[in-house]
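Take a look at the letters that make up each chain.
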There are 2 protein chains.
Amino acid sequence: MKQKPTLPRGTRDYTPAMMLRRNYIISHIKEVFEKFGFLPLETPAMENLSVLMGKYGEEGDQLLYKILNQGDFLKNVQPEDLKKGSKLFALQIAEKGLRYDLTVPFARFVVMNQHDLAFPFKRYQIQPVWRGDAPQKGRYREFYQCDADVVGTNSLICEAEIILMMNEVLGKRLGIQGFEIKINHRKILAGIAEKIGAEGKENELCVAIDKLDKIGKEKVEQELLQRGFSENNIQALQPIFDVPANNEAKIQFLEDFLQNSAVGSEGIADLKQIFEYLQLFDSQTSFPVVVDITLARGLSYYTGAIFEVKVKNSAVGSISGGGRYDNLTGTFGLQGMAGVGFSFGLDRIYDVLEEQNLFPAQTQSTTQMLFTNFDKESEKFVLPLLKKLRDAGYKAEIYPQSTKLDKQFKYADKKQIPFVLVAGSEEMKNNEISVKNMQTGEQKRIKIENLQTFFQEQL
Amino acid sequence: MKQKPTLPRGTRDYTPAMMLRRNYIISHIKEVFEKFGFLPLETPAMENLSVLMGKYGEEGDQLLYKILNQGDFLKNVQPEDLKKGSKLFALQIAEKGLRYDLTVPFARFVVMNQHDLAFPFKRYQIQPVWRGDAPQKGRYREFYQCDADVVGTNSLICEAEIILMMNEVLGKRLGIQGFEIKINHRKILAGIAEKIGAEGKENELCVAIDKLDKIGKEKVEQELLQRGFSENNIQALQPIFDVPANNEAKIQFLEDFLQNSAVGSEGIADLKQIFEYLQLFDSQTSFPVVVDITLARGLSYYTGAIFEVKVKNSAVGSISGGGRYDNLTGTFGLQGMAGVGFSFGLDRIYDVLEEQNLFPAQTQSTTQMLFTNFDKESEKFVLPLLKKLRDAGYKAEIYPQSTKLDKQFKYADKKQIPFVLVAGSEEMKNNEISVKNMQTGEQKRIKIENLQTFFQEQL
C-alpha cells in the first residue's frame, strides 16, 4: 500500500477558504502601501549563506534552512571533515539558504542596486520567510511577512505616515476594535540609562524593561540586578515605573526627567515632531497612539522611533511593528543608509479578524452562481447564459457533468455559492430559469432576458 | 573591506518596475480563473522528499533542491556513509526539498483533504517553483507557475472552458496578437500508433512527432527508425504528414484515417464535443484554435486532450499549455481522480507583452503625484492636501525632506510620477499650488480647493 503523503512539520497548506481571507487582508495592505508611494519588490527565496549568516545572531544561524549544493556536493569532502560537526560541515556542502526575513534581502538589494534606485527608496514586500523554530500553536516554519521600508532619509514625516498607514489598514479598512499603536524611541531609552547612571547599558535595560508587561516590576528589578545594574541605578529608575498615562503628560514628564540628557532630549524632540506631523496630516482624527516607555523591541538595529501595535483584551500578540534604523546596509559595506520600516503580521491580523468576526461574507466564496447540469439539452440552454453572466463580470460556473441534483446542490453548499440556477424542461419551454437563493431558500422563476437585471438587484 | 553581496546563480530580484508589470499580468489571470469558478490555493515551499522524489524522472530527482535537516544532521552518519555518493548520502541528511512544480503538491493536497473538498474541485495556484537546471537566457532556477486544474470530472465542458480562459486572458485582456491555441488528443496519437501497426508505441511516436516543427519530417523519420519503428510503420504514417490545414477538414480526415481504431475514434469524438461546447458558449467568436496532430506535450500523465499556446513569429516559446489526465493522485494511493489542468507561463507572457509593446503606461508607476518639500512652512501647507488626495483614492507622496528642487524633480522622474506639485511662498500666499505635468512639461497654478477636480479631469 502506498504511504499517505504528509506535510513537513510546521508547514501548512492555505486552503481556498483561508486564501480568500488572506487575500482580503493583503489587498488592503497593498492598496495602502501604494497609496503612500511604496512600490512592490520581491527577492528570491534562496539567498547565499554569506548574505544571511551572522545577521540574526547565533540562534538565527542555526534556524536558517540550508540548501544542499547541487550535483556531487561530496566531491571535496574527506571523511575527517565529518569531525567538524554539523554546524561547520553544513557550510562545506551548502552555499545557499532560505530567506529568514525580508530586511536582510532588502538591504542586499539596496546595496546591489544603489546606483539605479531613486532615493529615498520606498518599497514594500509581501513574501514568505522560513525559520526552523520548534513549531507550536500559531508559530509556523513558513510564514508571511508584509514589510514596508523607506531608506535614504531622516525625515520624521515617514514615522507619521507609518502611524497613518497602521491606522488606515487596521482601523478604517479592516475595522479592528481596540488596537493601540505603541510608540517609543531608542534615544529615550538611552537617555533613561544615562539618567539613572547606567550610560550605554540601554540594551540591557531594554531587554529587562521590555518584560514589564509580562513579568511585573519586581521581576524586572531582579533581572536588572542580575544584568549588573546597581541598587542605585534601580532606585533612580523608580519614577519611570510611575510615569503618567496620558501622552502629553508623559512627554512632559520625560522632557523634565531627561532634561540633562542630550540623547534623551533628542528622542523627546523626535516624538514631539512626529505628533506634530500627525496633527498636520489630520487634525480631526484621534489616533490610538500611546507613548509607552516599556516598549523596547528586540531588534538591535533600531536607533530611533519604535512602534508596536497590540489589540486590547486579545489573546493575539502584536499585529504590527517597526522602527527607525541608522544603518541598514553597513554590514554589506554601504554606510549611512538610514531609514524606517514596519510590517504587518498577516497571520496575527487574520486571527484578530476571526476573533472579532470581521471577515465580510463575500470572502467566503468567490463564485456567485452555479448552473446545475441536467443533460445535454439543458447544457445547450445554459452555456450561452453562463457566458453572458461572465461577460457581465459575474463569477459563475456550471456543474460540469449531469448527476443527481442534490449532489449539485451539495457542491454549491460546500463552496458557499449564494445562487443556484436550474433549467428543467418546464423552464426551458418557457424560456425561464429557476433561481434558488441558497441563504434564504427562496426560489424564483426568472425570464432569461431578465436574468442580468435580477442579479444586478441581488448582488 | 566587506565583500559585495551577490545573488545565487539563476535567481533574480523582481524590481518595482518588473513587479508592477508582473502584477498587471497576474491580476488578469486571477480574475479570469475566479470568473470561471476556480479558487486560490497555496502550498508550502518545502515538501517532504518522499512526496517529491520519483515524480519527475531521474533527472528531476537530481534537479530538486534538497534542504539540510535542522540540528545535528550528522548524528547518525558514519564515515563510510560518504562512500554511498552524493545522491544517496543526500537522502540521509535531507528530508525536505523545494517544490519543483505545482502539480505534485496539488495532488498531495487533494489526497490529504479528499474528505473535505467539494468535487469537482477547481483550484488555481500562482507560486514560484525551484529547479536546479543550468541557468541560461530566460531560464531561471526560481520561476513562477500559474496553474488551474479541475479534478473529479470527465466533463469536456472543462476543456472548452480552458480555451475560453486562454482566449480571454491572452487575447481579450492582454491584447496579444497572433497567438494560436493548439489542441490535440492523446487518444488520437494512440489511434495513429495503432493504425500504423505500432500499437502501444504512441509515447515514442509522440516524442518523435513532437519535434516535427523543429527538425523536419526527414529527421523525425530517422528518429522513428532509431526508436524501433519499421519502414512499414513509417510508410503507413505518411498521410499524417500531409494532413489538411483547416480544422474541420483535419477532423474529417482523422475520422476517416482512424475509423477502425476504437481509441482513435474516442479521441476524435472528444475533440468534436469540445468544439461543440465552444460553439455553444460563444457562436460569435472565431477562436484561434488549431488542431495540431504534431502536438504531443512531454508530460506522460496526460491521457486526453492536450493544449499549447504559441505566438506566431515570436522568439518566445509556448506561453500556455495543459491537458487532461486520468489519474492525478494514483501515486499517492487515491485512484481514478481524473481531471484537466493548464497553466500560463508568466515570464514568457511578460516577454511577449514587451515584444508587442502591450504594457499599459500606468504599469510604469503607481504613485500619481509628488508634493515637493521646501521647508517646514510648506510642509504645513502641503500635508493636509496630501491627506485629502489620498482620502480621495489617489496614490500620492511627499518628498520627505527639504532639499534642492531639482533633486526632488529627478526623484519624480526616476519613479515616473506623472505630476509634481510645488508650493512656494507665492503659491501659499494665494492659496494655490503649482502643478507640473511631467510628460508635457506644462505647469499650472491651481487653487487648492480646485485640486481634486483638476486631477479628476487629468487622471
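Everything here concerns the structure above.
Only a predicted model underlies this, so the values are computations on that prediction, with no experimental measurement involved.

**Student:** Please explain the overall build of chain A as it appears in this structure.
**Tutor:** If you tally the helices and strands in chain A, you get 17 helices and 16 strands. The C-alpha radius of gyration of chain A comes to 28 Å, more than 25% above the 23 Å expected for a compact globule of 459 residues. In terms of principal-axis extent, the alpha carbons of chain A reach across some 95 × 70 × 45 Å. By residue count, 57% of the 459 residues in chain A fall in the buried class. Taking the contacts inside chain A whose residues are at least 6 apart along the sequence as the reference set, 67% of them involve residues at least 24 apart. Of the roughly 19500 Å² that chain A leaves accessible, carbon and sulfur atoms contribute 46%. Positive and negative side-chain charges of chain A, numbering 58 and 60 respectively, have mean locations separated by a distance of 7 Å.

**Student:** What should I look at first to understand the pairing of strand β16 (residues 443–447) of chain A in this one?
**Tutor:** Looking down a regular strand, the side chains alternate between one sheet face and the other. Residues and elements named next belong to chain A. Here strand β15 (residues 432–437) pairs with β16 via 5 bridges, running antiparallel. Within the sheet, the bridge partner assigned to Val435 lies in β16 and is Lys444. Counted along the chain from β15 to the antiparallel partner β16, the turn is 5 residues long, and its residue Gly441 has a positive phi close to 85°.

**Student:** What is the right way to look at the nonpolar core in this model?
**Tutor:** Ranked by size, the top nonpolar core spans 97 residues in total, and within it A:Phe455, B:Ile25, B:Ile176 and B:Phe344 carry the most contacts. In terms of residues, this core owes the most to one element, helix α6 (residues 157–173) of chain B, which gives 10 residues. Contact partners of B:Ile25, with chain neighbours within four places excluded, come to B:Leu174, B:Leu346, B:Ile349, B:Tyr350, B:Leu353 and B:Phe359. Formed by 96 residues, the second largest nonpolar core is a distinct cluster that contains A:Ile126, A:Val169, A:Ile268 and B:Tyr394.

**Student:** Help me understand the environment of A:Lys312, please; the structure alone is not making it clear to me.
**Tutor:** Residues and elements named next belong to chain A. Of note, Lys312 is situated in the loop between β9 (302–311) and β10 (320–325). We classify Lys312 as partly exposed; its relative accessible area is 48%. Sequence-wise, Lys312 and Gly178 are 134 residues apart; in three dimensions their C-alpha atoms are separated by 5.5 Å. Leaving out residues up to four positions away in the same chain, Lys312 has contacts with Gly178 and Glu180.

**Student:** Honestly, the packing of aromatic side chains in this entry has me stumped. Any pointers?
**Tutor:** Geometry of an aromatic ring pair is reported as the spacing of the ring centres plus the angle between the planes. For the structure shown, the criterion picks out 40 aromatic pairs over all chains. Centre to centre, the rings of A:Phe419 and A:Phe455 are 5.3 Å apart; their planes meet at 75°, and the pair counts as edge-to-face. With A:Phe419 in strand β14 (residues 419–422) and A:Phe455 in helix α17 (residues 451–458), the pair connects residues that are 36 residues apart, well separated along the chain. Accessibility assignment for this pair places A:Phe419 and A:Phe455 in one class, buried. Taken together, a centroid distance of 5.2 Å and an interplanar angle of 70° make the contact between B:Phe454 and B:Phe455 edge-to-face. Each of the two residues, B:Phe454 as well as B:Phe455, counts as buried. Aromatic rings pair up to connect A:Phe33, A:Phe38, A:Tyr124, A:Phe342 and A:Phe344 into one cluster. The ring of B:Tyr144 has B:Arg22 lying over it, and the distance from NZ or CZ to the ring centre is 4.9 Å. The aromatic ring of A:Phe36 is capped on one face by B:Arg390, whose charged end is 3.7 Å from the ring centroid.

Thresholds, definitions, all that
Residues numbered from 1 in each chain as written. Chains lettered and ligands numbered in written order. Predicted model: local features only at pLDDT ≥ 70, side-chain atom pairs only at ≥ 80, totals over all residues. Heavy atoms only, no water. Helix = DSSP H or I, 4+ residues; strand = E, 2+ residues; numbered from the N terminus. Rg over C-alpha atoms; globule rule 2.2 N^0.38 Å. Buried < 20%, exposed > 50% of the residue type's maximum accessible area, 1.4 Å probe, protein only. Contact = heavy atoms within 4.5 Å. Areas by Shrake-Rupley, 256 points an atom, 1.4 Å probe, with all protein chains shown as cover. Lys, Arg positive; Asp, Glu negative; His and termini not counted. Charge placed at Lys NZ, Arg CZ, Asp CG, Glu CD. Pairing = 2+ DSSP bridges. Core = buried A, V, L, I, M, F, W, Y, C linked by side-chain atoms within 4.5 Å. Phe/Tyr/Trp six-rings, centres within 6.5 Å; stacked < 30°, edge-to-face > 60°. Lys NZ or Arg CZ within 6 Å of the ring centre and 35° of its normal.

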